[in-house]
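Letter by letter, the chains look like this.
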Amino acid sequence: MLIDNYYSIRERVEAACTRAGREASEVKIVAVSKTKPLSMIEELADAGVADFGENYVQEMAEKASSTDRNVNWHFIGHLQTNKVKQVVGTAAWIHSVDSLHLALAISREAEKRGVDSVNVLIEINIGGEETKSGIGPDEAEELVRAAAALPHLCVRGLMAIVPPAAVPEDSRKYFRALEELRVRIQAKNIENAPMDQLSMGMTGDFEVAAEEGATMIRVGTAIFGARDYGIKS
Ligand SMILES: *Cc1c(COP(=O)(O)O)cnc(C)c1O
């Protein structure tokens, strides 16, 4: 059963939190359901799982409009400004804001739809990889300030996809740097930027992420099994 996979991740998160002196209740597991059928999402939702992550705008929109289950959608993929319309109003969280242009589009769309405030995270390219989206750590505070000045979103924290690691331990330095960056910006007490969330860690390294301060881990493969991009239309 899928829910058993979820429970075993929950247990591993609990053990990681115990090692780090954290409360497991501080870590939300976002079940990353991209490419997986709605039936799997509904199976988990019926067993009590509340948070699901999707990468593709169209896929999330279709799933959200096809289910009557009350779930929290997290948009975790790269978001183009012209697709914001399909995300605002559906996603409870947008993890991948990496420009003021995008933040502005989100705030404007929220206003249009009468959405008071969208929870967003600023995506950081912590490994400095050329192929990755996200902004450099040095630009983070400036973007947090500018985005927080917009009326219809709330800057809740940071998100990152760390460079591919041979072993989970290799991710630790990036996770630690992200938590330091989050704390440093939080200490500036920027209005409308509580900076209380840190989205990091995936199937390969979520325990290390939980040890280093993640408040959201994004786990796909370990819950749903391997993805087959071949059958995605
Ligand atoms: C696909 C994806 C995940 C989940 O990855 P797994 O290794 O399958 O757990 C997490 N975050 C983002 C941004 C993703 O695109």
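Keep in mind that what you see is a predicted model, and the values were worked out from it rather than measured.

A. Just unusual backbone geometry, in detail. Of note in the backbone geometry, Thr35 takes a positive phi value of approximately 70 degrees without being a glycine. At Asn192, a residue that is not glycine, the phi angle is positive and equals roughly 65 degrees. In this structure, Asn192 sits in the loop between helix H6 (172-186) and strand E7 (197-199). What makes Asn192 partly exposed here is its relative accessible area of 28%.

B. Expanded view of helix H2 (residues 38-46). Leu38, Met40, Ile41, Glu42, Leu44 and Ala45 are the residues of H2 that are buried. In this fold, the buried residues of H2 make contact with helix H1 (2-20), strand E2 (51-54), helix H3 (57-66), strand E3 (72-75) and helix H8 (221-224). Note on H2: the residue one or two positions beyond its end, Gly48, has a positive phi of about 110 degrees.

C. Representation of the nonpolar core within the structure. Core analysis: the biggest nonpolar cluster contains 68 residues, and Phe52, Ile94, Ile106, Val155 and Ile217 have the highest contact counts within it. Val30, Trp93, Met159 and Met216 belong to the second-largest nonpolar core, a separate cluster that totals five residues.

D. Broad picture of the side chain of Lys34. The residue Lys34 is located in the loop between strand E1 (28-32) and H2 in this model. Among buried Asp, Glu, Lys and Arg side chains, Lys34 stands out as unpaired, with Glu54 the closest opposite charge at 8.5 Å. Excluding residues within four positions of it along the chain, Lys34 makes contact with Gly53, Glu54, Asn55, Tyr56, Glu59, Lys63, Arg227 and Tyr229.

E. Spatial organisation of the pairing of E2. With burial as the criterion, each face of E2 is covered, one bearing Asp51 and Gly53 and the other bearing Phe52 and Glu54. Pairing geometry for E1 and E2, over two bridges, is parallel. The partner of Ala31 across the bridge, within E2, is Phe52. Viewed along the sheet, the connection from E1 through H2 into E2 turns out right-handed. Bridging between E2 and E3 involves four bridges; their strand directions are parallel.

Definitions and cut-offs
Residues numbered from 1 in each chain as written. Predicted model: local features only at pLDDT ≥ 70, side-chain atom pairs only at ≥ 80, totals over all residues. Heavy atoms only, no water. Helix = DSSP H or I, 4+ residues; strand = E, 2+ residues; numbered from the N terminus. Buried < 20%, exposed > 50% of the residue type's maximum accessible area, 1.4 Å probe, protein only. Contact = heavy atoms within 4.5 Å. Core = buried A, V, L, I, M, F, W, Y, C linked by side-chain atoms within 4.5 Å. Lys, Arg positive; Asp, Glu negative; His and termini not counted. Salt bridge = Lys/Arg side-chain N within 4 Å of Asp/Glu carboxyl O. Pairing = 2+ DSSP bridges. Right-handed = clockwise from strand over helix to strand, strands pointing away.

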